[in-house]
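What follows is the residue order along each chain.
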Amino acid sequence: MSAAQLVEQLELVGKRLAIELNGEIVPRSQFADTPLSNGDKLEIVGAVGGG
């Protein structure tokens, strides 16, 4: 599974988010080319607006 496929599976497509994979930020342009493996440490952060 790629990072892009995970974003789709979690229904986060179109949301403003950042993905960190094993301590490294994955550029949005590389989501489709970034494979995920068992044991990877993954953090997904979404932007929240407010006032």
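Attention here is on the structure that accompanies the text. The structure displayed is predicted, hence computed values, not measured ones. (Residues numbered from 1 in each chain as written. Predicted model: local features only at pLDDT ≥ 70, side-chain atom pairs only at ≥ 80, totals over all residues. Heavy atoms only, no water.)

### Side note on the overall build of the protein
When you go through the protein residue by residue, the secondary structure sums to one helix and three strands. Reading the helices (α) and strands (β) of the protein from amino to carboxyl end gives α-β-β-β. Here the protein holds 51 residues, and the buried ones make up 24% of them. Taking contacts inside the protein between residues at least 6 apart in sequence as the whole, the part at least 24 apart equals 54%. (Helix = DSSP H or I, 4+ residues; strand = E, 2+ residues; numbered from the N terminus. Buried < 20%, exposed > 50% of the residue type's maximum accessible area, 1.4 Å probe, protein only. Contact = heavy atoms within 4.5 Å.)

### Some points on the pairing of strand β1 (residues 17–21)
Of the two faces of β1, the one holding L17, I19 and L21 is buried and the one holding A18 and E20 is not buried anywhere. Of the pairings in the sheet, the one linking β1 to strand β3 (residues 42–46) comprises five bridges and is antiparallel in character. When the bridges of β3 are listed, E20 appears paired with E43. The pairing of β1 with strand β2 (residues 24–26) spans three bridges and is classified as antiparallel. Looking at the pairing, E20 lines up with I25 of β2. Taking the residues that link successive antiparallel strands as the turn, the β1-β2 hairpin has two residues, and the phi of N22 there is positive, at about 50°. (Pairing = 2+ DSSP bridges.)

### Things to note about the environment of L6
Topologically, L6 is positioned in helix α1 (residues 3–9). Setting aside its immediate chain neighbours within four residues, L6 contacts M1, L36, L42 and I44.

### Section: unusual backbone geometry
For E11, which is not glycine, the phi torsion reads 55° and is therefore positive. With respect to the helices and strands, the residue E11 is situated in the loop between α1 and β1. Although it is not a glycine, N22 adopts a positive phi angle of roughly 50°. Considering the arrangement of structural elements, one finds N22 in the loop between β1 and β2. Owing to a relative accessible area of 44%, N22 belongs among the partly exposed residues under this scheme.

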